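Here's the letter readout for the chains.
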Amino acid sequence: DGNGTITDVGVIYGKEAGVTLESGTKKSIDGNQEGDFSVTLEGLDDWETYYAKPYAVNEAGVSYGDEVSFETPPKAVRTVNVNGVELKMVFVEGGTFTMGAMEGDAKAKSYEKPVHKVTLDSYYIGMYEVTNELWNTVIDGNASSLPDDERLTPVVQKNWDESNEFTSKLSELTGMKFCLPTEAQWEYAARGGNKSKGYLYSGGNEIDPVAWYTSNTPSFQVTTVGTKQPNELGLYDMTGNANEWCQDWYYLYTADEQVNPVCEVVNEYGFHVMRGASFINDDTLSRVTHRFGGSGRMFFVGFRLALTK
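Every value quoted in this text rests on a predicted model; they were computed, and no experiment measured them. Along each chain, residue indices are assigned from 1 in the same order as the chain's sequence is written. Per-residue local features of the predicted model are confined to residues with pLDDT of at least 70, and side-chain atom pairs are confined, for both listing and counting, to 80 or more; whole-chain, interface and lining totals are unaffected and use all residues. To get the side-chain values, take all heavy atoms of the structure and skip hydrogens and water.

1. Topic: the overall build of the protein chain
1) Next: The secondary structure content of the protein chain amounts to 4 helices and 17 strands.
2) Next: Its C-alpha atoms give the protein chain principal-axis dimensions of roughly 80 × 50 × 35 Å.
3) Next: Residue contacts are counted whenever heavy atoms from the two residues lie within 4.5 Å of one another. Contacts in the protein chain between residues far apart in sequence, at least 24 positions, make up 69% of those at least 6 positions apart.
4) Next: When the accessible surface of the protein chain is totalled, it reaches about 15,100 Å², and 46% of it is carbon and sulfur.
5) Next: Positive charges come from Lys and Arg alone, negative charges from Asp and Glu alone, with His and the N- and C-terminal ends not counted. Charged groups are reduced to one reference atom each: NZ for lysine, CZ for arginine, CG for aspartic acid, CD for glutamic acid. Between the centroid of the 25 positive side chains of the protein chain and the centroid of its 45 negative side chains there is a distance of 6 Å. A run of H or I in DSSP counts as a helix once it spans at least four residues, and a run of E counts as a strand once it spans at least two, with each numbered from the N terminus. Computed by Shrake-Rupley with a 1.4 Å probe, the accessible areas treat only the displayed protein chains as cover when residues are assessed.

2. A look at the packing of aromatic side chains
1) Next: Between the rings of Phe, Tyr and Trp (Trp by its six-membered ring), a pair exists once the centres lie within 6.5 Å; its type follows the angle of the planes, with under 30 degrees stacked, over 60 edge-to-face, and the other angles tilted. For the structure on display, the rule yields 15 aromatic pairs.
2) Next: Consider the rings of F299 and F300, whose centres lie 5.1 Å apart with planes at 90°: the pair is edge-to-face.
3) Next: Classification of F299 as partly exposed rests on a relative accessible area of 41%.
4) Next: F300 sits in the buried class, given a relative accessible area of 15%.
5) Next: Across from the ring centre of W212, 4.2 Å away, lies the NZ or CZ of K228, which sits over that ring.
6) Next: Above the face of the Y253 ring, R291 is positioned so that its terminal group lies 4.1 Å from the ring centre. Partly exposed residues are those whose accessible area sits between 20% and 50% of the maximum for their type, while under 20% is buried and over 50% is exposed, using a 1.4 Å probe and protein chains only. A ring has a charge above it when a Lys NZ or an Arg CZ is no more than 6 Å from the ring centre and no more than 35 degrees off the ring normal.

3. Remarks on the nonpolar core
1) Next: Membership of the largest hydrophobic core comes to 32 residues, with the highest contact counts inside it found for L87, L134, F166, F303 and L305.
2) Next: Mapped onto this core, the elements with two or more residues apiece are strand 6 (77–82), strand 7 (85–92), helix 1 (132–140), helix 3 (160–174) and strand 16 (301–303).
3) Next: The element best represented in this core is strand 7, accounting for 4 residues.
4) Next: In these notes, a set of buried Ala, Val, Leu, Ile, Met, Phe, Trp, Tyr and Cys residues joined through side-chain atoms within 4.5 Å is what counts as a nonpolar core. If you look at the next biggest cluster of nonpolar residues, it comprises 23 residues, including M99, Y123, Y188 and C246.

4. Some words on the sheet that holds strand 15 (residues 291–294)
1) Next: Between any two strands, pairing holds if DSSP finds at least two bridges. Sheet architecture is open: 4 strands sit in the order 15-14-12-16, paired in mixed fashion. The outermost strands of the open sheet, each flanked by one partner alone, are strand 15 and strand 16. Geometrically, the sheet is characterised by an average inter-axis angle of 50° between neighbouring strands, direction not taken into account.
2) Next: As paired strands, strand 12 (residues 243–249) and strand 16 are joined by 3 bridges and run parallel to one another. Bridging across to strand 16, N243 finds its partner in V301. Convention adopted: a line fitted to C-alpha atoms gives each axis, helices being fitted over their contacting stretch, and angles between N-to-C directions are expressed from 0 to 180 degrees.

5. A few points about the packing of helix 1 against helix 3
1) Next: Following both chains from N to C, one finds helix 1 and helix 3 inclined at 65°, their axes separated by 10 Å at the closest point. Put simply, helix 1 runs roughly perpendicular to helix 3. Read as a crossing pair, helix 1 and helix 3 show a hand that is left-handed. Residues L134, W135, V138 and I139 of helix 1 pack against E162, F166, K169, L170 and L173 of helix 3. For classification purposes, angles smaller than 35 degrees are called roughly parallel, those larger than 145 roughly antiparallel, those between 65 and 115 roughly perpendicular, and all remaining angles oblique. Two helices crossing with the near one rotated counterclockwise from the far one by less than a right angle form a left-handed crossing, whereas a clockwise rotation gives a right-handed crossing.

This is a description of form; function is not addressed.
Next comes the structure, spelled out in structure tokens:
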């Protein structure tokens, strides 16, 4: 404005549209401040939408150019530091899959059917079940009082409401959108997402290498996470160790095709979906399509985190 000497020029950016010098982060250029220029933005969060625009400042004020938006790519594994405790989240690329047990599955229960097509957006899911260490860190502020042999075992004896309260508090601490996975997100991830090889259990057709279940669990209790083989996505204990709460109320399947489904029909018994089986279940009930319904606190039920955009 008025051809005044430019005193500052560059790009501002942020995660909200309509970014300004007051609301965004500034990246000025060095050297000649007239003519074409470019800047490199570094240290951006993965899997986020950013808004950016050029700006120039002279004695008359600030001028802005057109705003553009762009999305940063996801990391294969996002590591979140929660007061010194590392939380690893694995990226699951969205896609369409067949959910439920096929008619030819002789061990399938009626409530695992009918099969139906489900399409999901991309999301992150926990590499491990939530541990006592992470629970105490989020809820109490530290985990120093835990015995060493309990720090990395799945937290259990938490009901569905308490598990959701945990995800809300973790979201407040981190500024991210944590939640329980939907039943469809859980099954898709357990099957290996778009890398699925169609295994019977999460990670293989033989249960012993991938799961702690009733026939191989010492002391009949939860075991340190990540001590069995992972599945195709690098997820541990999606078969066995502890059952895992999902977002959904427990209800029977339909054959309808669905997109990002979550069952919000209230179960008359107060049951929510649990998936993955546990150390108290045999191999039949540990199959990747098997589902449970329950409520309350149980010594074999924990949960895993999901992270949405």
